[in-house]
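Fold and contact review
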Amino acid sequence: MSEPTASLSRRIPTADDAADRAALARVAAGELEALEILYDRYRAMAFAIALRITGDRTAAEDVLQDAFLGAWRHADRYVDGRGSVKTWLLSIVHHRAIDAVRRRRPTSELPEPEAPGAMPTALVLPDVFAEVAGRLDADAVRTALAALPEPQREALELAYFGGLSQTEVAARTGAPLGTVKSRMRLGLLSMRRLLGGEEAIVSEEPT
Amino acid sequence: VTALSCDDVRERAAAFVLGALPEDEAAAVRDHLATCDDAHAEVAELGGVVPYLAETLEPVEPPVELRARILAAAAADLETRRAPAAAVAGTGPAAAAGATMPGGPMVEIVPAPVTPPAAEDRTTPRRSWWPFGPAATVGLAAAAALAIAIIGSLAGGLLRPSGDEYSTALRSVLDAASAPGSQIAVLASDQPGGPRGLAAVEADGTVVMAMSGLDATAGSQVYSAWMIASADSEPIPIGEFRVGGDGVGYLPNGAGPASPGVVLAVTLEPQPAATTPTLPIVASGGARPAPEQAA
């Protein structure tokens, strides 16, 4: 994958990022203490994501174990500059949680579960992109999400928190696939503008 | 899925970054991005928004025992990574057995070396008979941490259900460790892949010990467990057990003084009822308050 262009890597690394990267380097060297540091820093965020997606505490615990063990094994694969360590870790949690709910569904598009520990590379190494707007407090982000036009917000939430594929989002909402794709794209672009203090994109949708 | 064009990738960018593409399509997007001359800035532009979606959630504390479970799994993973080296360096059936069962019960692949540096340095002279001293102190602290991790892994069901004798013995140890006032000790040898185990010292001095990786006893041989209260006191015999071909030792009801911070050790004796230990020590470890008390 090509490197993000400079104009899009506006994220300014913070002191937290530096500490996280140092901890992750120690994790890559096999230091359990460093894993504890990262776990303690992000366990509540990670558990919130896993719980929201799976809706089940036991499943969420398994997701966290898989995710942190994946990070433990593949810490050397973190790419500096493509998102913070926090984003990387939480993306792994997100991928594992989505994987867990998709496996529960009969219409699974994923292969059969592999032996524990033999995680597919794509799930261990999620697609991570540098945050576009630096570190923002949760209230600002919630406000931005709430300010999206309802169909855009719904499409983002069904995909990100529901683990639905774009086809499944279309089926769930009764909207054509093309409309769903458009809502996802506009939702992300609107969110980006709102995070930067601009207004959402309210657009006529193609049908 | 056939190869995607740049337009195909642009059209799928939003779903891709949200994880809403079927896995084969997502893989096709990744393949394209990995080789395309176009930087596909739109993918980074949309993808950079996704991390914020997680920020909209209120943090939720996971159960406290999950921490120990994850650390135990990571510690075990570390051991399996190191196991091949130990199998080459180690000699004897214990080292070989350790290397051939990386998927075995958690505790079997979580040895806690009493003196980690010495264990890796094959030229280091054999350490003195009792494991006190600076190096041992570090090792014992690590052992206590691992004991906590092991407890967590069992509490979380990570130890796979198994009818084997070692697992059964370990459960007895953990039952004893969960009693109020109990201490727990991780026993290890200074040989990679060597004998290791877990023991609980209950408040009344009852000792329950489970060991694996031991050589089988023959003739009148017997393994003896010892307790010692401090560096300058004599070891006290607390119980004996024999070992068969599976290398598992189980002491269900040893008895000794229950002072805090005692050290437990195991030796192989030519005859039962030894009153002083025959060197070398097969495995040893310091007792620490069980996690329930420590937490």
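Rules and cut-offs
- Residues numbered from 1 in each chain as written.
- Chains lettered and ligands numbered in written order.
- Predicted model: local features only at pLDDT ≥ 70, side-chain atom pairs only at ≥ 80, totals over all residues.
- Heavy atoms only, no water.
- Helix = DSSP H or I, 4+ residues; strand = E, 2+ residues; numbered from the N terminus.
- Buried < 20%, exposed > 50% of the residue type's maximum accessible area, 1.4 Å probe, protein only.
- Areas by Shrake-Rupley, 256 points an atom, 1.4 Å probe, with all protein chains shown as cover.
- Pairing = 2+ DSSP bridges.
- Axes fitted to C-alpha atoms, helices over the stretch in contact; angles between N-to-C directions.
- Contact = heavy atoms within 4.5 Å.
- Phe/Tyr/Trp six-rings, centres within 6.5 Å; stacked < 30°, edge-to-face > 60°.
- Polar contact = N/O pair within 3.5 Å; in protein donor to acceptor, adjacent residues only side chain to side chain.
- Buried area = accessible area lost by both parts, 1.4 Å probe.
- Salt bridge = Lys/Arg side-chain N within 4 Å of Asp/Glu carboxyl O.
- pLDDT = per-residue confidence, 0-100.

1. Observations concerning the overall build of chain A
Along its length, chain A carries nine helices and zero strands. The N-to-C order of helical and strand elements in chain A reads α-α-α-α-α-α-α-α-α. The proportion of buried residues among the 207 residues of chain A is 50%. Summing over all exposed atoms, chain A offers an accessible surface of approximately 9,100 Å²; the carbon and sulfur share of this is 52%.

2. What to know about the sheet that holds strand β1 (residues 183-188) of chain B
All names here are of chain B. Here eight strands make up an open sheet; going across it, the order is β5-β4-β7-β8-β1-β2-β3-β6 and the pairing antiparallel. Of all strands in the sheet, those with a lone pairing partner are β5 (236-241) and β6 (249-255), marking the two edges. Here the average twist between neighbouring strands, direction ignored, is 20°. Strand direction decides the pairing type here: strand β4 (residues 222-228) and strand β7 (residues 263-269), joined by seven bridges, are antiparallel. Within the sheet, the bridge partner assigned to Ser224 lies in β7 and is Thr267. Those strands touched by helix α9 (residues 165-177) are β1, β2 (196-201), β3 (206-212) and β6, and its axis lies near 150° from that of β3.

3. Looking at the packing of aromatic side chains
What the rule picks out here adds up to four aromatic pairs over all chains. Their ring planes at 70° and their centres at 5.7 Å tell us that Tyr78(A) and Trp88(A) sit as a pair that is edge-to-face. Note that Tyr78(A) is positioned in the loop between α3 (57-74) and α4 (85-104) and Trp88(A) in helix α4, a separation of 10 residues in sequence. The pair Tyr78(A) / Trp88(A) is uniform in exposure class, with both members buried. Where Tyr223(B) meets Phe241(B), the ring centres are 5.7 Å apart and the plane angle is 15°; that geometry is what we call stacked. Separated by 18 residues along the polypeptide, Tyr223(B) in strand β4 and Phe241(B) in strand β5 bring together distant segments of the chain.

4. Some points on the environment of Ala97(A)
Residue and element names in this part refer to chain A. Along the chain, Ala97 falls in helix α4. In the structure, Ala97 is positioned 37 residues away from Ala60 in sequence and 7.3 Å away in space, judged by C-alpha atoms. Filtering out sequence-adjacent residues up to four positions away, Ala97 remains in contact with Ala50, Ile53, Thr54 and Val63.

5. A closer look at the side chain of Arg69(B)
Topologically, Arg69(B) is positioned in helix α5 (residues 65-89). With relative accessibility at 9%, the residue Arg69(B) sits in the buried group. Looking at Arg69(B), its side chain comes within polar contact range of the side chain of Asp62(A), at 2.6 Å.

6. Remarks on the interface of chain A and chain B
Each partner contributes residues to the interface: chain A has 62 residues there, and chain B has 50 residues. Between chain A and chain B, a total of about 5,500 Å² is buried, with carbon and sulfur atoms accounting for 66% of that surface. Together, Gln65(A), Phe129(A) and Leu188(A) form the three largest contributors to the area buried by chain A at its contact with chain B, with a combined 12%. With a closest N to O distance of 3.1 Å, Arg67(B) and Glu36(A) form a salt bridge.

7. Some details on the pattern of salt bridges
All chains considered together, the criterion is met by 26 salt bridges over all chains. For the salt bridge of Arg192(A) with Glu45(B), the shortest nitrogen-to-oxygen distance reads 3.5 Å. On the criterion of chain membership, the pair formed by Arg192(A) in helix α9 (residues 177-195) and Glu45(B) in helix α3 (residues 41-47) is interchain, its members lying in two chains. A relative accessible area of 15% places Arg192(A) in the buried class. For Glu45(B), a relative accessible area of 28% corresponds to the partly exposed category. The salt bridge involving Arg193(A) is made with Glu198(A); its shortest N-O contact spans 3.8 Å.

8. Description of the confidence of the model for chain B
Residue and element names in this part refer to chain B. Residues at a pLDDT of 70 or more form 69% of chain B, whose mean pLDDT is 73. Mean pLDDT in chain B bottoms out at helix α7 (residues 116-120), which sits at 34, and peaks at helix α1 (residues 6-18), which reaches 94. Note on residues 85-141: pLDDT under 50 across the span, and 99 contacts to partners over four residues away in sequence or across chains. Of the regions scoring below 50 in pLDDT, residues 155-163 engages in 20 contacts with residues more than four places distant in sequence or in other chains.

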